[in-house]
Amino acid sequence: MRRTLSIGIAVLGLLLAALPAPAHHAFGSEFNVDKPIALRGTVTMMEWVNPHSWIHIDVKGADGTVVNWMIEGGSPNSLLRLGFTKNAVLPGMEIVVDGYQAKDATNKAVGKALTFADGRQLFLGGSEPAGRGESPKK
Amino acid sequence: MSNRCLASLGFLVAMACASLALAQTWTPPRTPDGHPDLQGVWTNATITPVERPRELGAKEFYTEEEAAEIRKQALVPLPTAARGGTEAHYEFTQFGLDRTQFQVAFSWRTSMIVGPEGRVPPLTPEAQKRIADRAANAKGHEFDGPESRGIQERCLVWGSEGPPMLPPGYNSYLQFVQTPGYVAIVQEMIHDARIIPMDGRPHAPQNIRGWLGDSRGRWEGDTLVVDTTNFTEKTNFRGSREHLHVVERFTRVDDNTIRYEFTVDDPTTWTKPWSAELPLAKDKGPIFEYACHEANYGMANNLKGARATEPK
């Protein structure tokens with residue numbers, strides 16, 4: 001039992017030590033971990049760009065006003081390896097994005113995951129803390 | 001090699017020696033000029049830390065049982081609870097950043113750093129002062145402008161590019177290309193190709209320095225040895241900058257593995273040289289371009305975030 005426990009601790013230590021390195025930039029200075037948001041919107045553009053992809057969505061507010069938001073995801077390389085394809089996110093698709101708003105309070109956010117109308121989910125692999133398996137740090 | 005085996009005891013080592021003996025009889029594929037063919041795409045993704053967890057002391061290798069357990073756990077997605085920070089529930093077993101989605105180069109080592117200590121040697125007093133001075137000068141100015149951000153955020157050099165080349169955490173792929181006069185190594189993160197002359201020419205003059213240093217290669221038997229100097233003071237490998245000296249050794253030990261060893265030395269930074277070893281595992285590829293500066297909105301967003309939150 002003790003042996004199993006010690007292996008378990010060693011394994012846990014290893015897993016924690018070997019978690020993916022921080023993403024491209026300082027999450028804490030760009031996005032606000034105290035401002036989690038969930039947005040339902042229609043994709044207007046998918047930017048497959050480095051070092052991070054950006055999804056643009058039109059979000060309709062309660063008063064009917066439409067606001068365009070930019071959502072940061074992982075690098076195209078990472079997204080492809082996470083199961084995205086070129087046609088995974090196309091203009092006109094309705095998606096729900098969970099993430100954190102930008103610190104400068106503009107309509108930008110880092111995305112954790114997106115959910116399609118049929119319920120499928122894809123991880124965005126961006127700089128958000130949970131995407132890296134870490135607890136949020138300010 | 002046999003002395004090394006005899007010095008270590010137990011079943012594990014007997015197994016390791018058996019595999020080493022196998023490795024010695026294995027004949028690598030060769031390029032037309034007769035050298036081992038290292039070409040192709042390889043991954044250095046790993047679950048092995050650079051430094052050994054302190055609680056493991058001088059234990060350099062896991063036992064077969066422990067290694068199997070670690071492998072097993074690494075191949076199972078972490079439960080949501082262990083990830084933390086997720087107020088929403090996601091199906092992590094479906095998509096995620098788990099290594100279950102990627103090939104990992106496994107090792108029985110407890111740390112990449114070899115030897116009984118398994119940790120980076122202490123910094124010299126000179127290095128401690130240098131690092132403290134730099135930190136003091138930077139304090140409060142971290143977000144002054146693009147130049148005050150790290151070279152990684154500025155898309156210049158990725159922190160793990162080295163040499164020595166360490167796993168970047170994601171997109172952990174390398175491609176080797178050999179010609180009679182050169183070996184080239186491309187690391188997906190961040191985009192650079194190391195072009196290594198193999199013709200025996202000396203290092204560039206001291207006043208010519210590069211982000212990735214100045215590398216010269218040679219073959220020692222079937223091992224590619226690469227010596228690198230002439231780094232700049234802008235790069236930072238665990239406190240070592242322009243005086244870093246790296247010797248890397250690449251040995252193809254079987255169809256699917258290159259043994260990657262390196263020794264780093266900098267008397268102005270560490271009290272003694274230190275060495276590490278990690279496997280590179282063959283991957284089907286391809287590697288992709290990581291054109292980092294293409295749309296680095298993050299830089300402007302970081303600075304805007306800093307401006308928005310600083311006292312008015």
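See above for the structure.
Chemist: What am I meant to see in the overall build of chain B here?
Modeler: A tally of regular secondary structure across chain B gives six helices and nine strands. With 312 residues in all, chain B has 31% of them scored as buried. Intrachain contacts of chain B at a sequence separation of at least 6 include 60% that bridge at least 24 residues.

Chemist: Please clarify how the overall build of chain A should be interpreted in this entry.
Modeler: When you go through chain A residue by residue, the secondary structure sums to three helices and six strands. When the helices and strands of chain A are read in sequence order from the N terminus, they spell out α-α-β-β-β-α-β-β-β. Every one of the 138 residues in chain A was classed for burial, and the buried ones make up 44%. Partitioning the intrachain contacts of chain A with sequence separation of at least 6 by distance along the chain shows that 54% fall at a separation of at least 24.

Chemist: Would you mind showing me how to read the sheet that holds strand S7 (residues 245-254) of chain B here?
Modeler: Strand pairing in a sheet is mediated by backbone hydrogen bonds. Such pairs are either parallel or antiparallel. Residue and element names in this part refer to chain B. The sheet built from nine strands is open, its strands ordered S4-S3-S2-S1-S9-S8-S7-S6-S5 with antiparallel pairing. Of all the strands in the sheet, just strand S4 (193-197) and strand S5 (214-220) have a single pairing partner and so form its edges. Averaged over neighbouring strand pairs, the angle between their axes works out to 25 degrees when direction is ignored. For strand S2 (residues 173-178) and strand S3 (residues 182-187), the ladder comprises five bridges, and the chain directions are antiparallel.

Chemist: How should the nonpolar core be read in this particular structure?
Modeler: The tendency in soluble globular proteins is for nonpolar side chains to be buried as a group. Grouped together as the largest cluster of nonpolar side chains are 34 residues, with contacts concentrated most on Leu-174, Phe-176, Ile-258, Ala-276 and Leu-280 of chain B. Those elements that provide at least two residues to this core are S2, S3, strand S6 (223-229), S7, strand S8 (257-265) and strand S9 (274-282) of chain B. With four residues, the single largest contributor to this core is S8 of chain B. Those residues in contact with Ala-276 of chain B, other than ones at most four positions away along the chain, are Val-50, Met-112, Ile-113, Val-114 and Phe-262 of chain B. Counting 23 residues, the second largest nonpolar core, distinct from the first, contains Trp-69, Tyr-100, Leu-122 and Phe-123 of chain A.

Chemist: Please explain the environment of Ser-111 of chain B as it appears in this structure.
Modeler: Residues and elements named next belong to chain B. Checked against the element boundaries, Ser-111 lands in the loop between helix H4 (80-83) and helix H5 (125-138). The sequence separation of Ser-111 and Pro-311 amounts to 200 residues, and the corresponding C-alpha distance is 44 Å. Contacts of Ser-111, omitting those with residues within four sequence positions, involve Thr-48, Pro-49, Val-50, Glu-51, Arg-52 and Gly-118.

Chemist: Is there a simple way to explain unusual backbone geometry in this structure?
Modeler: Negative phi values dominate among residues other than glycine, just as trans dominates among peptide bonds. Cis geometry marks the peptide bond from Asn-50 of chain A to Pro-51 of chain A; its omega dihedral reads 0 degrees. Along the polypeptide, Pro-51 of chain A turns up in the loop between strand S1 (31-47) and strand S2 (54-60). In this model, Gly-285 of chain B is joined to Pro-286 of chain B through a cis peptide bond whose omega is -5 degrees. On the secondary structure map, Pro-286 of chain B appears in the loop between S9 and helix H6 (297-309). The backbone of Ala-105 of chain A shows a phi angle near 65 degrees, a positive value even though the residue is not glycine. Position of Ala-105 of chain A among the secondary structure elements: in the loop between strand S4 (94-102) and strand S5 (108-116).

The rules behind these values
- Residues numbered from 1 in each chain as written.
- Chains lettered and ligands numbered in written order.
- Predicted model: local features only at pLDDT ≥ 70, side-chain atom pairs only at ≥ 80, totals over all residues.
- Helix = DSSP H or I, 4+ residues; strand = E, 2+ residues; numbered from the N terminus.
- Buried ≥ 20, exposed ≤ 12 C-beta atoms within 10 Å, placed from the backbone.
- Contact = placed C-beta atoms within 7 Å.
- Pairing = 2+ DSSP bridges.
- Axes fitted to C-alpha atoms, helices over the stretch in contact; angles between N-to-C directions.
- Core = buried A, V, L, I, M, F, W, Y, C linked by C-beta atoms within 7 Å.

Keep in mind these values describe shape, not function.
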